[in-house]
Amino acid sequence: MGEHPLDPVRVELTIALAHELGVLDRPGVRLVRPEPAGEELLTRVHRPDYLAAVKAAPDDPFFTGWGLNTPDNPAFDGMHEASARIVGATVAAAEAVWRGRTWRGVSVAGGLHHAMPARASGFCVYNDPAIAIARLLDLGAERIAYVDIDVHHGDGVQEVFAADSRVLTVSVHETPLVLFPGTGFPDEVGAPGAEGTAVNLPLPPGTGDAGWLRAFHAVVPSVVRAFRPQVLFTQCGADAHHLDPLADLRLTVDGQRAAYLALRDLAEEVCDGRWIATGGGGYALVEVVPRAWTHLLATVTGDPIDPATPTPPAWRELARARRPGREVPPRMTDGASAQYRPWQPDGEMDAVDRAVLATRKAVFPLHGLDPHDPRD
């Protein structure tokens, strides 16, 4: 795939860093090599003719249509197999949690939330979160909350379940006024009959840790609690970081770590601990993604990593070898405090506060919540 932003090295460096820090060797942690998802599973979300197109595109240099063979979604050898394996990994994590084999599961290569039933989009060929959620519904789940903290709107998952009142989709993202995919406004609340099951919190460019965390805590826990899900499914794209080249939010690794801890606590409070996490976007391949997702893996598998922890020398050497000339971070922190003040609807409001209020006004009444009461 050449210089495509979605470079698999980010997953390689994440797993290497997690191994070097002992995260994947903790008691009770089980690594599973997934099988590629079969057509029966893939067609729970995607159309059969789209699957045929994904298989055919790599063999035809002039292939057009279905969102394939574009700069965002170039065809490559083994595209169907690689994409189906990512689905298999996410579904395996979801099934393990639902069947009680573990309380938490994670698929860091997953989170490809833009793919549509008949179209590749935004670097995503198959929508593994949507397929995994559909699989849980088939297994008997009645209420699933999907929380997406990628810098881009989780449009594909929202589209698939817009009319399904069993699935709550919540997305915290940079405003679609300036960023792909151009959807995710507060008034997108779900299809008729399922109003309130889509929640969108678009934030202004430049929002940093304090604003992002204030907005998250002012919206996400309330709607998830009101929905009472049996399992929490999260997409944890790392591209809201200030070093990410494709967007303009200003989080630090410390802010991202705080978000993972908040999601863990929400799963503990609402879902008896049942939590499925995926990766997602993230294009600062050395500087950000490996540290962010290693913090995610640590949070999923047990105790969080102390932010002051040095990155291991062997990992730094690997990172330099994989991407010569890139700055390799020496510690698991950006040196930020990740502090925030709770949201308040009175007094002088900044752009983040106004974004929060717009979202709360759009969806809180649909859940029996007061958009102006910070206790809700």
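Conventions we followed
- Residues numbered from 1 in each chain as written.
- Predicted model: local features only at pLDDT ≥ 70, side-chain atom pairs only at ≥ 80, totals over all residues.
- Heavy atoms only, no water.
- Helix = DSSP H or I, 4+ residues; strand = E, 2+ residues; numbered from the N terminus.
- Rg over C-alpha atoms; globule rule 2.2 N^0.38 Å.
- Buried < 20%, exposed > 50% of the residue type's maximum accessible area, 1.4 Å probe, protein only.
- Contact = heavy atoms within 4.5 Å.
- Areas by Shrake-Rupley, 256 points an atom, 1.4 Å probe, with all protein chains shown as cover.
- Lys, Arg positive; Asp, Glu negative; His and termini not counted.
- Charge placed at Lys NZ, Arg CZ, Asp CG, Glu CD.
- Core = buried A, V, L, I, M, F, W, Y, C linked by side-chain atoms within 4.5 Å.
- Phe/Tyr/Trp six-rings, centres within 6.5 Å; stacked < 30°, edge-to-face > 60°.
- Axes fitted to C-alpha atoms, helices over the stretch in contact; angles between N-to-C directions.
- Parallel < 35°, antiparallel > 145°, perpendicular 65-115°, else oblique.
- Nonpolar A, V, L, I, M, F, W, Y, C, P; charged D, E, K, R; others polar.
- Salt bridge = Lys/Arg side-chain N within 4 Å of Asp/Glu carboxyl O.
- Pairing = 2+ DSSP bridges.

1. Observations regarding the overall build of the protein
Here is step 1 of the chain: A tally of helices and strands in the protein yields eleven helices and six strands.
Here is step 2 of the chain: For a compact globule of 376 residues, the expected C-alpha radius of gyration is about 21 Å, and the protein comes in at 19 Å, within 12% of that figure.
Here is step 3 of the chain: Every one of the 376 residues in the protein was classed for burial, and the buried ones make up 57%.
Here is step 4 of the chain: Counted over contacts in the protein with a minimum sequence separation of 6, partners at least 24 positions apart contribute 74%.
Here is step 5 of the chain: Counting only carbon and sulfur atoms, one obtains 51% of the accessible surface of the protein, whose full area is about 14,900 Å².
Here is step 6 of the chain: Within the protein, one finds 34 positive and 49 negative side-chain charges whose respective centroids are separated by 5 Å.

2. Here we look at the nonpolar core
Here is step 1 of the chain: Val147, Ile149, Trp212, Phe216, Val224 and Trp293 are the most contacted members of the largest nonpolar core, which totals 73 residues.
Here is step 2 of the chain: Per element, the largest residue contribution to this core is ten residues, and it comes from helix H7 (residues 209–227).
Here is step 3 of the chain: Excluding anything up to four places from it in sequence, Trp293 contacts Arg10, Val11, Thr14, Val108, Cys236, Gly237, Ala238, Tyr260, Gly279, Gly280 and Gly281.
Here is step 4 of the chain: Grouped together as the second largest cluster of nonpolar side chains are 37 residues, Ala134, Leu136, Ile144 and Tyr146 included.

3. What about the packing of aromatic side chains?
Here is step 1 of the chain: Under the definition given, this model contains five aromatic pairs.
Here is step 2 of the chain: Ring geometry for Tyr50 and Trp66: centres 6.1 Å apart, planes at 40 degrees, overall tilted. Remark: Trp66 occurs in the loop between helix H3 (48–56) and helix H4 (79–98) and Tyr50 occurs in helix H3; sequence separation between them is 16 residues.
Here is step 3 of the chain: A relative accessible area of 0% means that Tyr50 is categorised as buried.

4. Some details on the packing of H7 against helix H11 (residues 351–363)
Angle between the axes and distance between the axes are the two parameters that describe a pair of packed helices.
Here is step 1 of the chain: Two elements in contact, H7 and H11, have axes whose closest approach is 9 Å; the angle formed by their N-to-C orientations is 10 degrees. Viewed along their axes, H7 and H11 adopt a mutual orientation that is roughly parallel. Of the residues in H11, those in contact with Gly211, Arg214, Ala215, Ala218, Val219 and Val223 of H7 are Val352, Asp353, Val356, Thr359, Arg360 and Val363.
Here is step 2 of the chain: Of the residues that constitute the contact of H7 with H11, the class distribution is seven nonpolar, two polar and three charged.

5. Concerning the side chain of Asp148
Here is step 1 of the chain: Among the structural elements, Asp148 can be located in strand S2 (residues 144–148).
Here is step 2 of the chain: Buried Asp148, no salt bridge; nearest opposite-charge side chain is Arg10, N-O distance 12 Å.
Here is step 3 of the chain: Excluding residues that lie within four positions of it along the chain, Asp148 makes contacts with His113, Gly154, Val170, Ser171, Val172 and Gln235.

6. With respect to the pairing of S2
Here is step 1 of the chain: Judged by how many residues are buried, S2 sits mostly within the fold: five of five residues are covered.
Here is step 2 of the chain: Of the two faces of S2, the one lined by Ile144, Tyr146 and Asp148 and the one lined by Ala145 and Val147 are each fully buried.
Here is step 3 of the chain: One ladder, built from five bridges, connects S2 with strand S3 (residues 167–174); its direction is parallel. Looking at S3, one finds that Val147 is bridged to Val170.
Here is step 4 of the chain: Bridge count for S2 against strand S5 (residues 231–235) is five bridges, and the pairing is parallel. Within S5, the residue paired with Ala145 across the bridge is Leu232.

7. A closer look at the sheet that holds strand S6 (residues 275–278)
Here is step 1 of the chain: With respect to topology, six strands assemble into an open sheet ordered S1-S6-S5-S2-S3-S4, the strand pairing being parallel. The sheet terminates laterally at strand S1 (104–107) and strand S4 (198–203), the two strands that pair on one side only. Taking each pair of neighbouring strands and ignoring which way they run, the sheet shows an average axis angle of 10 degrees.

8. Let's talk about the pattern of salt bridges
When the charged atoms of two side chains with opposite charge come close together, those side chains can pair.
Here is step 1 of the chain: Summed over the entire model, instances satisfying the criterion amount to 19 salt bridges.
Here is step 2 of the chain: Arg264 serves as the salt-bridge partner of Asp265, at 3.0 Å between the closest nitrogen and oxygen.
Here is step 3 of the chain: You can call Asp265 partly exposed: its relative accessible area is 40%.
Here is step 4 of the chain: Overlapping salt bridges bring together Arg214, Arg341, Asp350 and Asp353 as one network.

9. Here we look at the environment of Asp209
Here is step 1 of the chain: Among the secondary structure elements, Asp209 is positioned in helix H7.
Here is step 2 of the chain: Using a relative accessible area of 10% as the deciding quantity, one classes Asp209 as buried.
Here is step 3 of the chain: Separated by 87 residues in sequence, Asp209 and Gly122 have C-alpha atoms that sit 25 Å apart.
Here is step 4 of the chain: Contact partners of Asp209, with chain neighbours within four places excluded, come to Arg250, Leu251, Thr252, Gly255, Ala336 and Ala338.

10. Some words on unusual backbone geometry
Here is step 1 of the chain: Note the cis peptide between Phe180 and Pro181, where omega equals 5 degrees.
Here is step 2 of the chain: The residue Pro181 is located in the loop between S3 and S4 in this model.
Here is step 3 of the chain: A positive phi angle is found at Asn69, which is not glycine, with a value near 60 degrees.
Here is step 4 of the chain: Among the structural elements, Asn69 can be located in the loop between H3 and H4.
Here is step 5 of the chain: The backbone of Arg228 sits at a positive phi, close to 55 degrees, despite the residue not being glycine.
Here is step 6 of the chain: Positionally, Arg228 belongs in the loop between H7 and S5.
Here is step 7 of the chain: Residue class for Arg228 comes out exposed when judged on its relative accessible area of 52%.

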